[in-house]
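# An overview of the molecular structure
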Amino acid sequence: MKNKSLISINDYSMDELTTLLDRAEDFEKDPVQPLLKDHVIASLFFEPSTRTRLSFESAINRLSGRIVGFTDASSSSVKKGESLKDTILTVSNYSDLIVMRHPLDGAARWASEVTDIPIINAGDGANQHPTQCLLDLYSIRKTQGSLDNLHVVFVGDLKYGRTVHSLVIAMTMFNTTFHLVSPTALKVPSAVKRYIKDKGLTYHQYTDLEEVIPQADICYMTRIQRERFADPMEYERVKNSYVLNRKMIEPSKENFKVLHPLPRVNEIHEDVDSSPKAYYFQQARNGVYVRQALLTTILGV
Ligand code: CP
């Protein structure tokens, strides 16, 4: 995996993903190690972020690495019309690896094709969010003891949700049964459904959330993303489609956990937060360990 970019989650094999999760477990036990003291990492965020950016920064700081970059492209020469290619080629002169979030699907792949240094996709449009996927896999394995043979419910914006696309693709490696709950207008793209079928696995589609909770091991809630809608009226129609509350999870199994990549708007009621079945804030914490594992692996330290 040395020098290997991570653009889509299926760039990495099941063995490579498992190696990263094992390494993340080691970082959870011992997170402060000066492994990146000789490295500079660029963090280019063309789109807002709290968790991804700050957990990368936290991971780099705990590893004694240094960070250059921007959190708002309008403070960079992109504002003057500089192309993505020129930005990437320039930043490649100043860093050993680039972490990039961009609003356009495919931007991370494009970046990886114009530079020789590794790129980590921190989310590209509605396409993929592979590092979120790593922490989702880590969280599922940690709470369930294994990634194999689980019933996973995905809820909300399954059309534009890049975290959903990455996690569905990754979970096809582990004999998952998929339960896909969304408004009709926000169903999982057909390419993702075809991916599940091609792996010989089963998916079920629903518009009602409550009926599926008793059989679930994991409920992966997602936000309906206002920023992905061209038509604001369409967003208004679907924005409150699902609000998970404490009563709704009462019939769930003992091992059931609620995950959410966050940020949430109102799709999980705050009364769920104190339930032992809520795991979304611990999930965000796991982001530091998997990103430490990923950075050190790609940089070969
Ligand atoms: N989960 C996630 O990507 O959150 P941020 O947008 O805050 O980085």
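All figures in this text were calculated on a predicted structure; none of them were measured in a lab. (Residues numbered from 1 in each chain as written. Predicted model: local features only at pLDDT ≥ 70, side-chain atom pairs only at ≥ 80, totals over all residues. Heavy atoms only, no water.)

Turning next to the nonpolar core. Counting residues in each nonpolar core, the largest one holds 55 residues, and the members touching the most others are Leu 137, Phe 154, Met 171 and Leu 295. In terms of residue count, the dominant contributor to this core is helix H9 (residues 280–298) (seven residues). Residues from two domains meet in this core; each of domain 1 (9–128 + 285–299) and domain 2 (130–284) gives at least three. Excluding its chain neighbours within four sequence positions, the residues that come into contact with Met 171 are Leu 137, Ile 140, Leu 147, Leu 150, Val 152, Thr 176 and Phe 178. (Core = buried A, V, L, I, M, F, W, Y, C linked by side-chain atoms within 4.5 Å. Buried < 20%, exposed > 50% of the residue type's maximum accessible area, 1.4 Å probe, protein only. Helix = DSSP H or I, 4+ residues; strand = E, 2+ residues; numbered from the N terminus. Domains from an automatic or database assignment. Contact = heavy atoms within 4.5 Å.)

On to the environment of Leu 137. Following the sequence through the fold, Leu 137 ends up in helix H5 (residues 130–144). By relative accessible area, which is 1% here, Leu 137 ends up buried. Separated by 24 residues in the primary sequence, Leu 137 and Gly 161 have C-alpha atoms spaced 16 Å apart. Among all residues touching Leu 137, those that are not within four sequence positions of it are Leu 17, Leu 21, Leu 147, Leu 167, Ala 170 and Met 171.

What follows is about the site of the ligand. In the vicinity of the ligand, the contacting residues are Ser 49, Thr 50, Arg 51, Thr 52, Arg 101, His 129, Gln 132, Pro 261 and Leu 262. Gln 132 is positioned such that a nitrogen or oxygen atom in its side chain is 3.0 Å from a nitrogen atom of the ligand. In the complex, the protein chains occlude 91% of the 250 Å² of accessible area that the ligand would expose alone. Per-class residue counts for the shell around the ligand are two nonpolar, five polar and two charged. The residue makeup of the shell around the ligand includes at least three contributed by each of domain 1 (9–128 + 285–299) and domain 2 (130–284). (Near = heavy atom within 4 Å. Polar contact = N/O pair within 3.5 Å; in protein donor to acceptor, adjacent residues only side chain to side chain. Areas by Shrake-Rupley, 256 points an atom, 1.4 Å probe, with all protein chains shown as cover. Nonpolar A, V, L, I, M, F, W, Y, C, P; charged D, E, K, R; others polar.)

Backbone torsion omega between Leu 262 and Pro 263 reads 5 degrees, so that peptide bond is classified as cis. By the element assignment, Pro 263 lies in the loop between strand S9 (257–259) and H9. Here Asn 3, not a glycine, exhibits a phi torsion of approximately 65 degrees, which is positive. One non-glycine residue, Ser 64, lies in positive phi territory at about 65 degrees. Position of Ser 64 among the secondary structure elements: in the loop between helix H2 (51–62) and strand S2 (66–70). Residue Ser 64 is classed as partly exposed on the basis of its relative accessible area of 34%.

Let us look at helix H7 (residues 190–198). Among the residues making up H7, those that are buried are Val 192, Lys 193 and Ile 196. With its buried residues spanning 100 degrees around the axis, H7 presents them on a single face. Turned more than 90 degrees away from the buried face of H7, the exposed residues are Arg 194, Lys 197 and Asp 198. Against helix H6 (162–171), strand S6 (177–181) and strand S7 (203–206) lie the buried residues of H7. (Arc of directions from axis to C-beta.)

Under the domain assignment, the protein is made up of domain 1 (9–128 + 285–299) and domain 2 (130–284). The distance between the C-alpha centroids of domain 1 and domain 2 comes to 24 Å. Counting residues at the interface gives 34 residues for domain 1 and 30 residues for domain 2. Between domain 1 and domain 2, a total of about 2,600 Å² is buried, with carbon and sulfur atoms accounting for 58% of that surface. The largest share of the area that domain 1 buries against domain 2 comes from Ile 9, Leu 21 and Arg 51, three residues that together contribute 24% of it. There are five salt bridges connecting domain 1 and domain 2. Across the pair Glu 28 and Lys 142 runs a salt bridge whose closest N-O atoms are separated by 2.6 Å. Where domain 1 touches domain 2, the interface holds 22 residue pairs in polar contact (both at pLDDT 80 or more). With nine residues, helix H1 (residues 14–29) is the largest single contributor of residues to the side of domain 1 that touches domain 2. Tallied by class, residues from the side of domain 1 that touches domain 2 come to 13 nonpolar, 12 polar and nine charged. (Buried area = accessible area lost by both parts, 1.4 Å probe. Salt bridge = Lys/Arg side-chain N within 4 Å of Asp/Glu carboxyl O.)

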